[in-house]
Amino acid sequence: MTPDSVKVENAIELIFRRLCEVHSRDSGATLTRSELGVDILEKTFVAALRELRGPNNDQDLRICFDGGDPDRIGLGASWRGRCEDWLRGRGSGNATT
């Protein structure tokens, strides 16, 4: 793994946790790119979003764009179960990724 790929993986994990936090309060909640990308270098953030969307810009992957708006990002279908597991683990003091 290159240092850049490690940075992207770390950014993906941070994006997951941020989206999971807002999803836990409101299952339809989204964050703007600027809210989601706080403390992530722009180059790394863009690479992470590209990775999360996949080669076909699939809406059922880890993230989705609310109403097709690329500035409103929500938790995608495949991450919802992981989010619930992460929240349960965090509540018991055993945060899992």
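Residues numbered from 1 in each chain as written. Predicted model: local features only at pLDDT ≥ 70, side-chain atom pairs only at ≥ 80, totals over all residues. Heavy atoms only, no water.

Asker: Would you mind going over the state of the cysteines with me for this structure?
Answerer: Cysteine pairs can be covalently joined through their sulfur atoms, and such a bond is termed a disulfide. Under the defined criterion, the tally for this structure stands at 1 disulfide. Each disulfide pairs two cysteine sulfurs, and for cysteine 20 the partner residue is cysteine 83, the sulfurs being separated by 2.0 Å. Residues cysteine 20 and cysteine 83 are joined by a disulfide whose S-S torsion is about 95°; by sign, that bridge is right-handed. Placement of the pair is cysteine 20 in helix H1 (residues 3-25) and cysteine 83 in helix H4 (residues 77-91), with a sequence separation of 63 residues. (Disulfide = S-S within 2.5 Å. Helix = DSSP H or I, 4+ residues; strand = E, 2+ residues; numbered from the N terminus.)

Asker: Can you help me understand the pattern of salt bridges in this one?
Answerer: Using the criterion set out here, one finds 5 salt bridges in the structure. Between glutamate 13 and arginine 82 there is a salt bridge whose closest N-O contact spans 2.7 Å. Remark: arginine 82 occurs in helix H4 and glutamate 13 occurs in helix H1; sequence separation between them is 69 residues. For arginine 82, a relative accessible area of 24% gives the class partly exposed. Linked through salt bridges whose partners overlap, the residues forming this network are Glu13, Arg17 and Arg82. (Salt bridge = Lys/Arg side-chain N within 4 Å of Asp/Glu carboxyl O. Buried < 20%, exposed > 50% of the residue type's maximum accessible area, 1.4 Å probe, protein only.)

Asker: I would appreciate a short explanation of the sheet that holds strand S3 (residues 72-75) in the present structure.
Answerer: What links the strands of a sheet is backbone hydrogen bonding, and the strands pair in either a parallel or an antiparallel sense. Pairing is antiparallel across the open sheet formed by 3 strands, whose spatial order is S1-S3-S2. Edge strands, defined here as strands with exactly one partner in the open sheet, are strand S1 (30-32) and strand S2 (63-65). The average undirected angle you get between the axes of adjacent strands in this sheet is 35°. Of the pairings in the sheet, the one linking S2 to S3 comprises 3 bridges and is antiparallel in character. Its bridge partner lying in S3, cysteine 64 is registered against glycine 74. The strands touched by helix H3 (residues 42-53) are S2 and S3; relative to S2, the strand with the most contacts, the crossing angle is about 95°. (Pairing = 2+ DSSP bridges. Axes fitted to C-alpha atoms, helices over the stretch in contact; angles between N-to-C directions. Contact = heavy atoms within 4.5 Å.)

Asker: What should I look at first to understand unusual backbone geometry in this one?
Answerer: Negative phi values dominate among residues other than glycine, just as trans dominates among peptide bonds. The phi dihedral of aspartate 39 is positive, around 70°, even though this residue is not glycine. Its place among the elements puts aspartate 39 in the loop between helix H2 (33-36) and H3. Judged by relative accessible area, which is 73%, aspartate 39 ranks as exposed.

Asker: Honestly, the packing of aromatic side chains in this entry has me stumped. Any pointers?
Answerer: When we look at a pair of aromatic rings, we describe it by the centre distance and by the angle of the planes. Applying the stated criterion across every chain, the model contains 2 aromatic pairs. Considering the side-chain rings of phenylalanine 16 and tryptophan 79, the 4.9 Å spacing of their centres and the 70° angle between planes classify their relative orientation as edge-to-face. Here tryptophan 79 lies in helix H4 and phenylalanine 16 lies in helix H1, a separation of 63 residues in the sequence. Each member of the pair, phenylalanine 16 as well as tryptophan 79, carries the same accessibility label: buried. (Phe/Tyr/Trp six-rings, centres within 6.5 Å; stacked < 30°, edge-to-face > 60°.)

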